[in-house]
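One-letter residues, chain by chain:
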Amino acid sequence: MAKTELDLLIRGSVLLTMREEEAVIENPVVGIRNGKIVLIMQNDLFTEEEYTARKVLDRSNTLIMPGLVNTHTHLAMSCFRGLADDLPLMAWLHEYIFPAEARHVNPEMVYAGSLLAMAEMILSGTTTFCDGYFFVDQVARAAKDAGMRAVVCQGFIDFPTPDTSDPSRQMETAERFIGTWKDASPLIQPALFCHSPYTCSPETLVRIKEAARREKILYVLHLSETREEVSLIQDCYGKRPALHLHNLDVLDPDTLAVHCVWLDKEEQGVLADCGVRVSHTPQSNMKLAAGIAPVPAMQALGISVSLGTDGSASNNDLDLFREMDSTAKIHKVATGNPAVMDAARVVRMATSEGAGALGLQDRIGSLEVGKAADLIILDLNQPHLTPMYHPFSHLVYAASGADVLTTVIDGNVVMENRKILSFDLEAIMREVEKIAEKIRKSCRK
C-alpha cells in the first residue's frame with residue numbers, strides 16, 4: 001500500500017481544537033500537507049505504515065493549540081516603544097506620538113518596525129494579526145517576508161499623514177493599496193482603517209466605508225476609547241459615538257470596532273443589532289487609564305469580542321498571553337464576580353473569536369481537518385506549568401508567550417525551539433536600534 005505523504009507530522013501531549021465543543025485530545029498526532037491540516041487523531045490510532053512525513057516534530061510534554069489572533073495592532077510603533085509613557089491618551093497622542101510620526105515615519109521605519117513586532121508575535125504564539133498604520137505596503141511586505149497571516153489596513157485621518165500629504169487624495173491611496181494586495185498573497189488581506197470618529201469627518205467615515213463595501217473587505221476604527229472622545233462627538237454631532245456611526249450607516253458585520261470602553265447600553269444594543277465585532281485591548285486601556293470596556297455585557301448581547309494588544313507604544317508588548325490574563329482578571333474585579341470571563345471563554349477570544357472578527361473563521365481559529373495549519377506548541381515542562389489539571393486555566397493564568405516552543409503558519413515552521421526561521425532577527429534588531437538613535441536625537445532638540 002502506498003503511504004500518504006505529509007509535509008509535517010507533529011506529536012504532543014495535549015491538543016486543544018477550539019472547535020465549538022472545545023475538544024481536548026490526549027497524545028495527539030497532527031498531519032499537515034500543502035498548508036492544510038489533513039489529520040488529527042490520538043497517537044494510538046495512528047499507524048506509521050499509512051503515512052510518511054518530510055519533517056517530524058515529536059514533542060513530549062507539550063500542548064498544541066491554534067495560533068493566537070491579534071485583532072488590533074500598530075506594528076511599526078514598536079520603534080516608539082517606551083518613548084512616552086504614563087500619560088493620558090490625548091496628551092500621549094498630540095504631544096508625543098503624532099509629532100514623532102510626522103518626523104520619523106517612512107517606508108524603511110515601517111518595514112523594520114513591523115518585522116521586529118512580527119518576531120515578537122511569532123515568538124509569543126501569534127500567527128495572525130490585524131494592523132492599521134501608514135506606508136502599509138511595507139507592513140504587507142514584512143508579513144510576506146515573515147510568513148505571517150495578516151489583515152493589513154490602510155489608515156486614514158483628516159490631516160496630512162506621512163503617506164498621504166493631501167487628505168483629499170485618500171481614495172487614491174485606498175484604491176492603490178487594495179489593487180496591489182487584494183490577490184497578491186493568500187496570507188495577506190487588505191482592509192481599510194479610519195482612525196476614529198473624532199479624527200475623521202462624517203464624509204471620510206462614509207467614503208472609506210463605501211470603498212470597503214465595494215471591495216468586500218474589513219472596515220476598522222477606534223470607537224469610544226475615552227470619556228473625552230464621547231464628549232467631543234456629542235458636542236460636534238449631538239449623539240454618542242456609536243449612534244453617530246449608526247446614523248452614518250457604517251456599522252455592519254464587516255465592521256471591527258476597537259476599544260469600545262465607554263459604550264452605554266443603547267450603543268451596545270446598536271452594535272449587537274448591526275452585527276459589529278469588537279476588539280478588546282485591556283492592557284493598553286489600563287495603561288492609558290482609558291477605562292474598562294463592558295465586555296461581559298456586550299457578550300451577553302451576542303457581540304463577538306476578540307483580543308488585541310494595540311501598538312507597542314501604548315502597551316508596551318505584543319504578548320497575547322498577557323492580554324488573556326488581563327482580560328480574565330480585570331472583568332472579575334470590575335463586576336465583583338470571580339466566575340465571569342472564565343478561562344475557556346478568554347482562550348476563545350484569542351483564537352476562534354479573533355478569526356471570526358477578521359472574517360477568517362473558515363480558515364483559522366480552530367484545529368480541524370481542512371483548515372489552515374496555523375498552530376503553536378507550548379512547552380509544559382516548566383515549574384509554573386506543573387502540574388496541569390485544566391489546560392485552559394494554565395493558558396490564561398500561568399502561561400506566557402515565552403512558553404511557546406514552535407510556531408507553524410500555513411503549514412510552515414516559522415519558529416522552532418525559540419528561534420525565528422523565516423528572517424534574520426538580529427539584523428532587524430540592529431536596524432531598529434539605528435532608527436531609535438535618530439528618534440533619541442530629535443527628542444533632545
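Owing to the predicted nature of the structure, the values given are computational and were not obtained by experimental measurement. (Residues numbered from 1 in each chain as written. Predicted model: local features only at pLDDT ≥ 70, side-chain atom pairs only at ≥ 80, totals over all residues. Heavy atoms only, no water.)

Q: Mind showing me how you'd approach the overall build of the chain here?
A: Helices and strands together make up the secondary structure of the chain, namely 15 helices and 19 strands. In terms of overall dimensions, the chain is globule-like: its C-alpha atoms have a radius of gyration of 21 Å, near the 22 Å expected for 445 residues. With the C-alpha coordinates aligned to their principal axes, the bounding extent of the chain is approximately 70 × 45 × 45 Å. Buried positions account for 61% of the 445 residues belonging to the chain. A separation of at least 24 residues holds for 73% of the contacts in the chain among residues at least 6 apart in sequence. For the chain, the accessible surface area stands at approximately 17,600 Å², while carbon and sulfur atoms represent 49% of it. (Helix = DSSP H or I, 4+ residues; strand = E, 2+ residues; numbered from the N terminus. Rg over C-alpha atoms; globule rule 2.2 N^0.38 Å. Buried < 20%, exposed > 50% of the residue type's maximum accessible area, 1.4 Å probe, protein only. Contact = heavy atoms within 4.5 Å. Areas by Shrake-Rupley, 256 points an atom, 1.4 Å probe, with all protein chains shown as cover.)

Q: I'm lost on the layout of surface pockets in this one. Help?
A: Gaps between atoms show up when a probe of the same size as a water molecule is rolled over them. In this structure, the largest pocket occupies an estimated 310 Å³ of space. Lining the largest pocket are 18 residues, with Lys216, Ile217, Leu218, Leu358 and Gly359 positioned closest to its centre. Mapped onto the lining of the largest pocket, the elements with two or more residues apiece are strand 11 (188-194) and helix 13 (352-357). Considering each element in turn, the lining of the largest pocket owes the most residues, 3 residues, to strand 11. (1 Å grid on protein atoms, 1.4 Å probe; cavity = no way out; pocket = protein on both sides within 12 Å on 5 of 7 lines; lining within 4 Å. Points joined across faces, edges and corners; volume = space filled by probe spheres on them.)

Q: Sorry if this is basic, but what is going on with the pairing of strand 10 (residues 149-156) here?
A: Of all 8 residues in strand 10, 8 are buried; the element is thus mostly enclosed. Neither face of strand 10 is left uncovered, since the one carrying Arg149, Val151, Cys153 and Gly155 and the one carrying Ala150, Val152, Gln154 and Phe156 both have all their residues buried. With 6 bridges connecting them, strand 9 (residues 126-133) and strand 10 associate as parallel partners. In the strand pairing of strand 10, Thr128 is matched with Arg149. Where strand 10 lies against strand 11, 7 bridges are found, and the strand directions are parallel. Directly across from Phe156, in strand 11, lies its bridge partner Cys194. Note on the crossover from strand 10 through helix 4 (residues 170-181) to strand 11: the handedness is right-handed. (Pairing = 2+ DSSP bridges. Right-handed = clockwise from strand over helix to strand, strands pointing away.)

Q: What exactly am I supposed to notice about the environment of Ile364 here?
A: The topology assignment puts Ile364 in the loop between helix 13 and strand 16 (375-379). Considering only alpha carbons, one finds Ile364 and Gln189, 175 residues apart in sequence, at a separation of 14 Å. For Ile364, the residues in contact, after removing those within four places along its chain, are Val69, Thr128, Arg149, Ala355, Lys371, Ala372 and Asp374.

Q: Is there a simple way to explain the sheet that holds strand 8 (residues 68-73) in this structure?
A: Strand-to-strand pairing in sheets goes through backbone hydrogen bonds, with the strands running parallel or antiparallel. Across the sheet, which stays open at both edges, the 8 strands sit in the order 8-9-10-11-12-13-14-15 with parallel pairing between neighbours. Each edge of the open sheet is held by one strand with a lone partner, namely strand 8 and strand 15 (305-307). Neighbouring strand axes in the sheet, compared pairwise and without regard to direction, differ in orientation by 25° on average. Bridge count for strand 13 (residues 255-259) against strand 14 (residues 277-280) is 3 bridges, and the pairing is parallel. (Axes fitted to C-alpha atoms, helices over the stretch in contact; angles between N-to-C directions.)

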